[in-house]
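# A look at the structure
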Amino acid sequence: MEIETGVPLARLTTIGTGGPAAAFARPSTLAELEEAVAWAAERGMDVVTIGLGSNVLAADEGVDALVVRLEGELASVSIDADLLAAGGGATNAVCLHRARSAGLGGLEFACAIPGTAGGGVRMNAGAYGSDWSTILRRALVVSRAGSGWLEAAELGLSYRHSSLERGAVVARVEYRLTPRPPDEIKAEVADLVARRKATQPTNKRTFGSVFKNPPGEVGAGRMIELSGLKGHRIGGAVISPRHANFIENADAATSADCLLLMAEACRRVGEEFGIALEQEVVLLGSDPEGV
Ligand SMILES: Cc1cc2nc3c(=O)[nH]c(=O)nc-3n(C[C@H](O)[C@H](O)[C@H](O)COP(=O)(O)OP(=O)(O)OC[C@H]3O[C@@H](n4cnc5c(N)ncnc54)[C@H](O)[C@@H]3O)c2cc1C
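Quick summary incoming for the structure in this document. (Residues numbered from 1 in each chain as written. Predicted model: local features only at pLDDT ≥ 70, side-chain atom pairs only at ≥ 80, totals over all residues. Heavy atoms only, no water.)

### Topic: the overall build of the protein
What the protein contains, in helices and strands, is six helices and 18 strands. With the principal axes as the frame, the protein shows a C-alpha extent of 50 × 50 × 30 Å. The proportion of buried residues among the 291 residues of the protein is 48%. Intrachain contacts of the protein at a sequence separation of at least 6 include 64% that bridge at least 24 residues. As displayed, the protein has an accessible area near 12,800 Å², and 49% of this comes from carbon and sulfur atoms. In the protein, the 28 positive side-chain charges and the 36 negative ones have mean positions that sit 6 Å from each other. (Helix = DSSP H or I, 4+ residues; strand = E, 2+ residues; numbered from the N terminus. Buried < 20%, exposed > 50% of the residue type's maximum accessible area, 1.4 Å probe, protein only. Contact = heavy atoms within 4.5 Å. Areas by Shrake-Rupley, 256 points an atom, 1.4 Å probe, with all protein chains shown as cover. Lys, Arg positive; Asp, Glu negative; His and termini not counted. Charge placed at Lys NZ, Arg CZ, Asp CG, Glu CD.)

Given below as structure tokens:
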């Protein structure tokens, strides 16, 4: 399997920012993935998996790790009765399409989450009252300690959090779904997508929610808005005029621009509400799991 160098992460992230990966691999089988993880271990390098890059902000200076993107067999989808098996790199859109064709419901909530199966596990992604914990049966996890299936209960899934170890790669997942007529699935998805378009900047380059919603009635976006920051711009990045918990790449933004906006949002919300916002977006940098 080829190990590339200098691959710019700006090409692999939805916000379109980020410097080069120190090393980059596209394993397409379990054996290739294990080979990549061993390659990194021999060199004392961290492994960072990138899915669709829809919830990451990679440092402009680059990421000092072996970055892997799962392809081929590790992005494929199959269905057996009410069980959907997917590679960690399979997109939510493809999983949902296959589930709907097979008359299986349960994944509808993920229709507007532009990520992969593995990214969904790592983030316990969710929307409209459901998240990965509601569908995940088990995940095949590869790390330098070895490969093995973990049951959903062993993954510590909570609000936008999993207990996956640093460097662990979700190679495959199994979702337990429920029979549902395809027409009903289609109608619900259309409704959810329309709701998204009405409230979020779906046609802009973003990395999804910047901050987790703090406990209580008022969401992070509303707090940022009430702090007067909607539309606030630093360099090429702007706090979305549509939904303040999104940062848009308005014009050749850098990750540094986004980080400065995040720091300003934290400062102002702290002053206004006495709340310490916790970031949802994953920062990748010279210390790969934290800029
Ligand atoms: C327009 C928009 C709307 C969004 N809406 C939502 C929403 O409603 N709800 C929500 O929860 N999120 C939302 N997101 C954020 C994002 O789509 C989700 O967090 C998604 O699950 C990330 O998946 P990904 O494959 O793109 O992961 P990435 O963004 O590539 O990675 C995110 C994290 O997961 C890790 N990771 C990725 N793949 C694997 C793998 N195979 N094994 C181990 N770790 C892995 C990465 O290393 C990183 O730590 C939105 C994003 C955008 C841009």
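Still to come is the rest of the account.
### Remarks on the pattern of salt bridges
What the rule picks out here adds up to 19 salt bridges. The partner of E73 in a salt bridge is R172, with the nearest N and O atoms 2.6 Å apart. In this pair, E73 is assigned in the loop between β5 (63–68) and β6 (77–80) and R172 in strand β13 (residues 169–176), connecting sequence segments 99 residues apart. Among the ionic contacts, a cluster of salt bridges with common partners joins E108, R180, E184 and E188. (Salt bridge = Lys/Arg side-chain N within 4 Å of Asp/Glu carboxyl O.)

### Here's the deal with the site of the ligand
Around the ligand lies a shell of 32 residues, among which T49, S54, T116, G126 and R196 are the nearest. At 2.6 Å, a backbone N or O of T49 approaches an oxygen atom of the ligand. Backbone polar atom of G126 to a nitrogen atom of the ligand: 2.7 Å apart, as the coordinates give it. Relative to its unbound accessible surface of 960 Å², the ligand loses 95% to contact with the protein. Among the secondary structure elements, those contributing two or more residues to the shell around the ligand are α3 (117–123), β9 (126–127) and β13. For the shell around the ligand, the leading source of residues is α3, giving five residues. When the residues that make up the shell around the ligand are grouped by side-chain class, the tally is 15 nonpolar, 14 polar and three charged. (Near = heavy atom within 4 Å. Polar contact = N/O pair within 3.5 Å; in protein donor to acceptor, adjacent residues only side chain to side chain. Nonpolar A, V, L, I, M, F, W, Y, C, P; charged D, E, K, R; others polar.)

### Observations regarding the sheet that holds strand β12 (residues 146–151)
Spatial ordering of the open sheet is given by β6-β7-β13-β11-β12, a layout of five strands whose pairing is antiparallel. At either end of the open sheet lies a strand with only one pairing partner, and these are β6 and β12. Put simply, the sheet's adjacent strands are angled 15 degrees from each other on average, direction ignored. Of the pairings in the sheet, the one linking strand β7 (residues 83–87) to β13 comprises five bridges and is antiparallel in character. (Pairing = 2+ DSSP bridges. Axes fitted to C-alpha atoms, helices over the stretch in contact; angles between N-to-C directions.)

### Observations concerning the sheet that holds strand β15 (residues 233–234)
Adjacent strands of a sheet pair through backbone hydrogen bonds, lying either parallel or antiparallel. On the basis of which strands lie adjacent, the open sheet formed by three strands has the order β15-β16-β17 and antiparallel pairing. Only two strands of the sheet have a single neighbouring strand rather than two, namely β15 and β17 (247–249). Bridging between strand β16 (residues 237–239) and β17 involves three bridges; their strand directions are antiparallel. Across the sheet, A237 pairs through a bridge with N249, a residue of β17.

None of this, on its own, says anything about what the molecule does.
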